[in-house]
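Secondary and tertiary structure notes
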Amino acid sequence: MKKIFISWIVFLSVIITSITPVFAESYDYVGGSFDWLYLSNVERKDRVQEIFKIMFPKGYVTNFPRGFLKQKLKNYLKDVNHEAHYEAVCAGYTRYRDVDLQPFFAGKSKFVYMYALQYTKSPQKTFYYDAMGRLKFIDFRYGGYPECPYYTKKYAINGKLVRAMYLQAPDTMYIFSDKGSFIGVKYRNNVYGFNYTK
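Residues numbered from 1 in each chain as written. Predicted model: local features only at pLDDT ≥ 70, side-chain atom pairs only at ≥ 80, totals over all residues. Heavy atoms only, no water.

Turning next to the packing of aromatic side chains. This model, assessed by the stated rule, comprises 23 aromatic pairs. With 4.9 Å between their ring centres and 50° between their planes, Phe182 and Phe194 make a pair best called tilted. Placement of the pair is Phe182 in strand 11 (residues 182–187) and Phe194 in the segment after strand 12 (190–192), with a sequence separation of twelve residues. Residue Phe182 is classed as buried on the basis of its relative accessible area, which comes to 17%. A residue is classified by how much of its surface remains accessible, and Phe194, at 23% relative accessible area, is partly exposed. An aromatic cluster is built from Trp36, Phe52, Phe56, Tyr166, Tyr174, Phe176, Phe182 and Phe194, whose rings are joined through pairwise contacts. In this arrangement the basic side chain of Lys153 is found over the ring face of Tyr142, its NZ or CZ atom lying 5.8 Å from the centre. (Phe/Tyr/Trp six-rings, centres within 6.5 Å; stacked < 30°, edge-to-face > 60°. Helix = DSSP H or I, 4+ residues; strand = E, 2+ residues; numbered from the N terminus. Buried < 20%, exposed > 50% of the residue type's maximum accessible area, 1.4 Å probe, protein only. Lys NZ or Arg CZ within 6 Å of the ring centre and 35° of its normal.)

What follows covers the pairing of strand 9 (residues 161–169). The buried count for strand 9 comes to eight of nine residues, which makes it a mostly enclosed element. Both strand 8 (residues 150–156) and strand 9 contribute to a ladder of six bridges, which runs antiparallel. Bridging from a neighbouring strand, Tyr150 pairs with Leu167 of strand 9. In terms of strand pairing, strand 9 meets strand 10 (residues 172–176) through five bridges, oriented antiparallel. Opposite Tyr166, over in strand 10, you have Tyr174 as the bridge partner. (Pairing = 2+ DSSP bridges.)

Turning our eyes to something else, we now look at the nonpolar core. Counting residues in hydrophobic clusters, the biggest one holds 39 residues, and the most contacted among them are Trp36, Met55, Tyr174 and Phe176. Once you skip the residues sitting within four places of it in the chain, Phe176 turns out to touch Val48, Ile51, Phe52, Met55, Arg163, Ala164, Ser181, Phe182 and Ile183. (Core = buried A, V, L, I, M, F, W, Y, C linked by side-chain atoms within 4.5 Å. Contact = heavy atoms within 4.5 Å.)

All right, on to the sheet that holds strand 11 then. Backbone-to-backbone hydrogen bonds pair the strands of a sheet. The strands run either parallel or antiparallel. In space, the ten strands of this open sheet follow the order 3-4-5-6-7-8-9-10-11-12, with antiparallel pairing throughout. Lying at the two open borders of the sheet, with one neighbouring strand each, are strand 3 (95–96) and strand 12. Sheet topology note: the strand 4 (residues 99–105)/strand 5 (residues 112–119) ladder contains seven bridges and is antiparallel. Each residue of the ladder has a partner; that of Gln102, found in strand 5, is Ala116. On top of the sheet, helix 2 (residues 41–55) reaches strand 8, strand 9, strand 10 and strand 11; it is set at about 75° to strand 10, its chief contact. Each of strand 3, strand 4 and strand 5 is contacted by helix 4 (residues 82–90), which is oriented at about 110° to strand 5, the strand it contacts most. (Axes fitted to C-alpha atoms, helices over the stretch in contact; angles between N-to-C directions.)

Here helix 2 contains 15 residues, and its C-alpha end-to-end distance of 21 Å stays within 8% of the 21 Å for a straight helix at 1.5 Å per residue. Buried residues of helix 2: Arg44, Val48, Ile51, Phe52 and Met55, and no others. The buried residues of helix 2 occupy one face: seen down the axis, they fall within an arc of 105°. Exposed positions of helix 2 whose direction lies more than 90 degrees from the buried face are Val42, Glu50 and Lys53. Buried residues belonging to helix 2 abut strand 8, strand 9, strand 10 and strand 11. (Expected span 1.5 Å × (residues − 1). Arc of directions from axis to C-beta.)

Structure (structure tokens):
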């Protein structure tokens, strides 16, 4: 009887010690878990500074000289297949031949005022065209794209930075303004800043 009692105690202690209590909700993603909500503001600022140094190694935002992008991207200033791309994106297609398409709608209307093209042969760039097929913006991607983490910088055709984003995972991105100021962490459909408290 004593042996059975000891066996039960050992069995219960193994089960109890193998149970790990979960105190905070955590979301798994590439490189770890989404933990922004559980960091102190000091830890948040440290992380943002670390990401800023990755994206802006000189310690500040740099823009391209005026006219540089127009010269460098002269073959892309006008979408040569504008009519086909615009019709395809308006019809709801997300791919046309060797190009991924993305529409941008005016408010809640169905009017496509801008569309984006990402060519299969050059996935590190995305070209944004207005409804007339004129280039307005371009995204440059750096790092291990399409694998996370990587970062992207969006520039206007005049060479000025519009925004920068560090993608830790497809649904987790750190967003910075045109001046390099931290805007927030977007996780799925929510954006969290420094002072977010649960």
